[in-house]
Amino acid sequence: MMDPITLLTVVVLSVFVGFEVVSKVTSKLHTPLMSGANAIHGIILVGAIIVAGQASDPWLLTIALIAVVLATANLVGGFVVTDRMLEMFGGRKPARPRAGAGEDGA
Amino acid sequence: MSVLGPGWTSLFYLVAAVCFILALKGLSSPRTARRGNAIGAAGALVAVVTVFLSAKLENIPLILGAIAVGSALAVPVARRVHMTQMPQLVALFNGVGGGAAALVAVLELGHSEDPWVRLAVVFTMLVGAVSFAGSAVTVGKLQELISTRPLLFPGMPVVMGAVVFGAVTAAGFVVATGSTGWAVALLVLGLAAGLLLVLPVGGADVPIVISLLNAFTGLAVAASGIVLGNVLLLVAGTLVGASGTILTKVMASAMGRGVTGIMFGAFRGGSTAGSTAQSDRPVRSASPEDVAVQLGYAQRVVIVPGYGLAVAQGQHTVAELATALAARGVEVVFAIHPVAGRMPGHMNVLLAEANVPYEALKELEEANPEFPNTDIALVVGANDVVNPAAKSTPGAPIYGMPILEVAQAGQVVFLKRSMRPGFAGIENELLFDPKTTLLFGDAKDSLTRVLGAVKAL
């Protein structure tokens, strides 16, 4: 168990960073941002790997491996689907060479 | 393997955590979004390699096999899913993440002696289970496997109260005794709570709930970091919990709603359901050819896409129409309401898929001042987001929601399936305005016919 004060420090700072990084997001990017954040919590895979690596009996191992499968789906699928959304946003140049209003929020 | 000592392990976890922060930061801006996502994925890779090199692990071949299975299940779906079904997929991935967190916590219960750690265990289990079951309901609603209307039964608040009471009791026993039996009971009650929480939510509010459950899963992962003594899980989970909460609030306010109203509105009777009554007041309807003439000889056309366009999968046709009009010298832009479609920003993704240039997409604040200089506002499958009742009728469910002020354009053309009101269940006075014409039918069919007529002009 970590030292409670260290723990609290880490949590409080993370909360502020979490608030800060998304506070000015344009509504166009709400869906990809949600999807990206969704992929990040797939990092529970690290926890699933640890419990699977320490599982002593077949039952516990089975449950842990299910957790590994689910967490991988969250992590890998999350990043892939976010990338697909963003691929459609960015890459292509405008079909018409008309001066746009400029990108906002950037 | 224990190749890496604790110092190096912490250092690599720190690298991963920084990557996640940069990922969220990058995703907040259109230019850096894709790179941000790639940085997040790189951070995840660093973390997973680190855990293999640092922790003392048995069963490594089986774990690698499970990772392969998970990837093999998720990647093809993520690659191939239609963009209209993408919200369901995000909800699904969120749910399985919550489920994984709950399972990890159950398995760690045996190693947890400290009551504080056990408290983190029960928190992870409960929140993870709520997120799993709640996400399953949102997927069902979005796929229309279950009704998109708020589902309520008599006595639901009492049942919900009993479930919450039972869950708290079970959680107390788990913390006190570490009993596996109580832990299983807690999981079941958590699943029930997730179902009861999301079933009463109306279809239009489901996106907000997905975002909220996303934040929940983040918190469950953060608590699992305490359970496992892993700082990376704690930081990453807290980041997602915090940013997800903000994002949920921002989305809800873009819809002119509060989060508590969405979650508990149906319990209080202020249902989010719409009426399906049809009005029989006279309207002016037009043929596709009439609409084509109006559009083809206009100077400036603003297209307002909505849910109906997404449902009809008409994004490619509407893009083609815009190109055909532009070829005739008509200036065409799309005005995107923040909550048009099934998820905030969903319409942008759909139109981007159909090759509509980013510059042609205008947000609400940009689009509204331009409507007075617009000849025709073409509203495709949208209703509530252009309903003037949001400004003029204080009692209306959408009162206070910012709308696209299409009424200020010279002419308004609605492509609509029927006279049924939008999801908010209120009539749109604009439909009866003398400068409004309506073309009834499926959005894609109507667009195809208008497109054909424009090309024939």
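Everything below is about the structure shown above.
From a predicted model like this one, the values you see are computed outputs, not experimental measurements.

Caption draft 1: Focus on the overall build of chain A. Counting its secondary structure elements, chain A contains four helices and zero strands. In chain A, the succession of helices and strands from N to C terminus is α-α-α-α. Sequence-distant contacts, at least 24 apart, represent 60% of the contacts inside chain A between residues at least 6 apart.

Caption draft 2: A look at helix 14 (residues 346-353) of chain B. Residue and element names in this part refer to chain B. Judged by how many residues are buried, helix 14 sits mostly within the fold: eight of eight residues are covered. Every buried residue belonging to helix 14 is among His-346, Met-347, Asn-348, Val-349, Leu-350, Leu-351, Ala-352 and Glu-353, and all of these are buried. Positioned one or two residues after helix 14, Asn-355 has a phi angle of 70°, which is positive.

Caption draft 3: Representation of helix 5 (residues 115-142) of chain B within the structure. With 28 residues, helix 5 of chain B extends 40 Å between its outermost C-alpha atoms, agreeing within 8% with the 40 Å of an ideal straight helix rising 1.5 Å per residue. Burial analysis of helix 5 of chain B places 23 of its 28 residues in the buried class, the great majority of the element.

Caption draft 4: Summary view of the sheet that holds strand 6 (residues 436-440) of chain B. Residues and elements named next belong to chain B. A sheet is described by the order of its strands in space; here six strands give the open sequence 3-2-1-4-5-6, paired in parallel fashion. Strand pairing shows two members of the sheet lacking a second neighbour, strand 3 (361-363) and strand 6, which therefore form its edges. Averaged over neighbouring strand pairs, the angle between their axes works out to 25° when direction is ignored. The pairing of strand 5 (residues 411-416) with strand 6 spans five bridges and is parallel. Bridge pairing links Phe-414 to Leu-438 in strand 6. Across the face of the sheet, helix 17 (residues 443-456) comes into contact with strand 4 (376-380), strand 5 and strand 6 while running at roughly 125° to strand 5.

Caption draft 5: Spatial organisation of the interface of chain A and chain B. Each partner contributes residues to the interface: chain A has 82 residues there, and chain B has 97 residues. Residue assignment for the side of chain A that touches chain B shows that the elements contributing at least two residues are helix 1 (4-22), helix 2 (30-40), helix 3 (44-54) and helix 4 (58-89) of chain A. Per-element accounting of the side of chain A that touches chain B gives the leading share, 29 residues, to helix 4 of chain A. Tallied by class, residues from the side of chain A that touches chain B come to 53 nonpolar, 21 polar and eight charged.

Caption draft 6: The environment of B:Leu4, seen in detail. Residue and element names in this part refer to chain B. In this fold, Leu-4 is placed in the segment before helix 1 (6-27). Judged by the 18 C-beta atoms lying within 10 Å of it, Leu-4 falls in the partly exposed class. Expressed as a C-alpha distance, the spacing of Leu-4 and Ile-303, which sit 299 residues apart in the sequence, is 57 Å. Filtering out sequence-adjacent residues up to four positions away, Leu-4 remains in contact with Thr-9, Thr-50, Leu-53 and Ser-54.

Criteria and cut-off values
Residues numbered from 1 in each chain as written. Chains lettered and ligands numbered in written order. Predicted model: local features only at pLDDT ≥ 70, side-chain atom pairs only at ≥ 80, totals over all residues. Helix = DSSP H or I, 4+ residues; strand = E, 2+ residues; numbered from the N terminus. Contact = placed C-beta atoms within 7 Å. Buried ≥ 20, exposed ≤ 12 C-beta atoms within 10 Å, placed from the backbone. Expected span 1.5 Å × (residues − 1). Pairing = 2+ DSSP bridges. Axes fitted to C-alpha atoms, helices over the stretch in contact; angles between N-to-C directions. Nonpolar A, V, L, I, M, F, W, Y, C, P; charged D, E, K, R; others polar.

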